[in-house]
Amino acid sequence: ACRPAKPSNLNKDTTCAAKINQFRVMLKIKKDWSDHALWWEQKQQWLLKPAWTLDKCGIHADARLYLTPQHKPLRLVLPNLLTLRLRVCFSSPVFRTVIGICKLLNIRHPEELSLLRPVEEKKKKKQKGDEEEVYDITSAPLPTGSIIKLANGMPAFFAESPEMESVYKMLSVSQPAPPPETITKMYRPTSKVDKAQVNGRWLDSSRSLLQQGVKEGDKLILRFKYYSFHDLAPQFDAVRLTQLYEQAKWAILLEEIDCTEEEMMLFAALQYHIGKVSTTEQLVASCPAMDDLDSALQCLEVKMEAETSSVKPYSYLHRPKKQTLKKYKQFWFTFKDTSISYYKSKEESCKEPIQQMNLKGCEVAPDVSVAAQKFCIRLLIPEPEGMNEVYLRCDNEQQYSKWMAASRLASKGKTLADASYSSEVQSIQSFLAMQKTTPGNKTVQSDESINTHSLVSPRYQKKYKPKQLTPRILEAHQNVAQLSLTEAILKFLQIWQALPDFGLSYFVVRFKGCRKDEVLGIANNRLIRIDLSVEDVVKTWRYNTMRQWNVNWDIKQVAIEFNGNVNIAFSCVTADCKIVHEYIGGYIFMSTRSREQNDTLNEELFHKLTGGHEAL
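Just so we're clear, the structure is a prediction, and the values are computed from it rather than from any experiment.

Definitions and limits used
- Residues numbered from 1 in each chain as written.
- Predicted model: local features only at pLDDT ≥ 70, side-chain atom pairs only at ≥ 80, totals over all residues.
- Heavy atoms only, no water.
- Pairing = 2+ DSSP bridges.
- Helix = DSSP H or I, 4+ residues; strand = E, 2+ residues; numbered from the N terminus.
- Axes fitted to C-alpha atoms, helices over the stretch in contact; angles between N-to-C directions.
- Contact = heavy atoms within 4.5 Å.
- Salt bridge = Lys/Arg side-chain N within 4 Å of Asp/Glu carboxyl O.
- Buried < 20%, exposed > 50% of the residue type's maximum accessible area, 1.4 Å probe, protein only.
- Polar contact = N/O pair within 3.5 Å; in protein donor to acceptor, adjacent residues only side chain to side chain.
- Expected span 1.5 Å × (residues − 1).
- Parallel < 35°, antiparallel > 145°, perpendicular 65-115°, else oblique.
- Nonpolar A, V, L, I, M, F, W, Y, C, P; charged D, E, K, R; others polar.
- pLDDT = per-residue confidence, 0-100.

Re the sheet that holds strand β1 (residues 36-40)
Ordered in space as β2-β1-β3, the three strands form an open sheet in which the pairing is antiparallel. Of all the strands in the sheet, the pair left with one neighbour each is β2 (45-47) and β3 (65-69). Sheet twist, expressed as the average angle between the axes of neighbouring strands with direction ignored, equals 40°. Summarising the sheet, β1 and β3 pair through five bridges and their orientation is antiparallel. Note that in β3 the partner of H36 across the bridge is P69.

As structure tokens, then:
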């Protein structure tokens, strides 16, 4: 399949197409050569313009050209840890290669996914049973066109044989809970620096696999890279929803994202429920939770024709004094537009407030324990000198739901007049209801088949014995037992998205003018600067205040300009600056998508925003 050209046979006036024909004659093998192209080894470059002469390509007599297939076998690990062996394009940019993979697997919106290299495994003697199972689908036809031919609800290729149909079922149906030993053996990042190391393994979307040193038969990992999920529809997205759920599940089990103990029990109960109903149900379209998920995952902005300055809920809340621990003082608070004002008492609310805090661009995080009746909201409010930390403590869950919803909307620049306020309140109340337990309830049925240590992270495996976890998980399961498979998966994703650290991709960077390393968190709507020593947020910048960004490729430095003459610059420590540049440009690209352009993907715009000096 691969043959270097002899220098003496090269003619500068020969076109690439003519040289390929010359190779065919030399090999004397009758076969379909249409997928073959020339690879220039020294320059790490594909020659994909057949009409160009060798001279125009810059090829000299000492060049080594290889005639090789553009599509080669690759081992691909999916989010549910299933390993496929399939043919992918080694000559196109990775962005287009991922599009081809997603077409084959029937995954819509491939721009949300990308490929990364696996963690280098230490060489050790292979024991019996350690070999991973690989499902070979290299016989699948290469996807062509934008419309996938379906048969029995799956791509036609998978419907051709029972074996292939079973592979597709593994893609579109949640897999059984893994043994606890599997979770314990898997790599778990223990700090933000460890998480930053993972993000340094993403492949460059602008360059081909072969240009990045990926060889035929190598292993790569397919993951959702951008946490901005557009137009999730169960009737079309069986594989996409299942793989997204699996990625979220493993993020929880491997402690890639932090959650409270109550949240872990709820996640375990949902996993247990999904595992039970997956054997009898399939993902379907009719689901009342879809409206909530659309607002949660797609951030649809539906404005009300009302005054945005109207005053909404009043509540007694508490603000902690600085330099004290768990000491709160009671104030009278009002919420107007995107600002909170507080007074000594309700009677003084007609006077000037003690302080007014604008929540636009702030970080909002829950600090809740339903069992302990603790309902607090943590606010990190941007100020010129850094972030002002404020805790608001509510008296009950109804009050908390309203203030939490208002704070989340205000952080996005939305007011209480926004139509999504009511649905946000209902979503928070629904989440709190799921965490409730019934004191003294002895009707919880035991289930001997439940493997509790397969449903929680290693931290809770060490903390509790199975007999302690089982009743807690089953009690939480009572609150979700009535959900269908589709509702349960969507609820799992919705709660995952509500976690404070959801969607943050970390990088260790060195800011210009600083002598120590810090962490940069990149989310779908903001950048976060984090102090590495205490892992506290120092500053937040929103994309909607960004004027421009650029990269100095010579010194590998990213520079960003924001409104108000705010300029930052940093160099990357744990990853190439191209990866950070691609993340920022990728999220801005995701924000340009709309439902009207659902089936069209502006690949040229993506490369303009993410490609840098190598933009196509």
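Some points on the side chain of E112
Looking at the element boundaries, E112 is found in the loop between α2 (94-105) and β6 (113-116). With residues near it in sequence (within four places) discarded, E112 still touches R223, F224, K225, Y226, S228, F229, H230, R240, M590 and R593.

Quick look at the pattern of salt bridges
Enumeration over the complete set of coordinates arrives at 26 salt bridges. With a shortest N-O distance of 3.1 Å, R240 and D237 are connected by a salt bridge. Classification of R240 by relative accessible area gives buried; the value is 0%.

Some words on the side chain of D237
On the secondary structure map, D237 appears in the loop between β10 (219-224) and α6 (238-253). Residue classification places D237 among the buried positions, given a relative accessible area of 0%. At a separation of 2.8 Å, a polar atom in the side chain of D237 contacts the side chain of R108. Sequence-distant contacts of D237, defined by excluding residues within four places in its chain, comprise R108, D231, L232, T242 and L283.

Examining the sheet that holds β10
The five strands lie next to each other as β6-β10-β4-β5-β7, forming an open sheet whose pairing is mixed. The outermost strands of the open sheet, each flanked by one partner alone, are β6 and β7 (134-136). Each adjacent strand pair in this sheet contributes to an overall mean axis angle of 45°, direction not counted. For strand β4 (residues 71-77) and strand β5 (residues 83-89), the ladder comprises seven bridges, and the chain directions are antiparallel. Its bridge partner being in β5, K72 is matched across the sheet by V88.

Structural notes on helix α7 (residues 261-277)
With 17 residues, α7 extends 25 Å from end C-alpha to end C-alpha; this agrees with the ideal 24 Å at 1.5 Å per step. Taking burial as the measure, the 17 residues of α7 include 15 buried ones, the bulk of the element.

Looking at the packing of helix α3 (residues 162-172) against α6
The description of two packed helices rests on the angle between their axes and on the distance between the axes. In contact at an axis separation of 7 Å, α3 and α6 are set at 55° when each is read in the N-to-C sense. On the basis of the axis angle, α3 is oblique to α6. Each of Y168, M170, L171 and S172 in α3 lies in contact with α6, whose residues at this interface are A238, V239, T242 and Q243. Of the residues in the contact of α3 with α6, the class split is five nonpolar, three polar and no charged.

What to know about the pairing of strand β16 (residues 374-383)
In this sheet, β16 lies alongside strand β15 (residues 363-369) in antiparallel orientation, the contact comprising seven bridges. Across the sheet, the residue bridging to E363 is L380, located in β16. As consecutive antiparallel partners, β15 and β16 are separated by four residues, and within that stretch Q373 has a phi angle of approximately 55°, a positive value.

Looking at the confidence of the model for the chain
Per-chain confidence: the chain averages 83 in pLDDT, with 82% of residues scoring 70 or above. Per-element confidence in the chain is highest for β10, whose mean pLDDT is 97, and lowest for strand β11 (residues 311-320), whose mean pLDDT is 44. This stretch, residues 1-8, has a pLDDT under 50; its non-local contacts, to residues over four places away or in other chains, come to 18 contacts. Residue range residues 285-325 is modelled with pLDDT below 50. Its contacts to residues more than four positions away, or to other chains, number 107 contacts.

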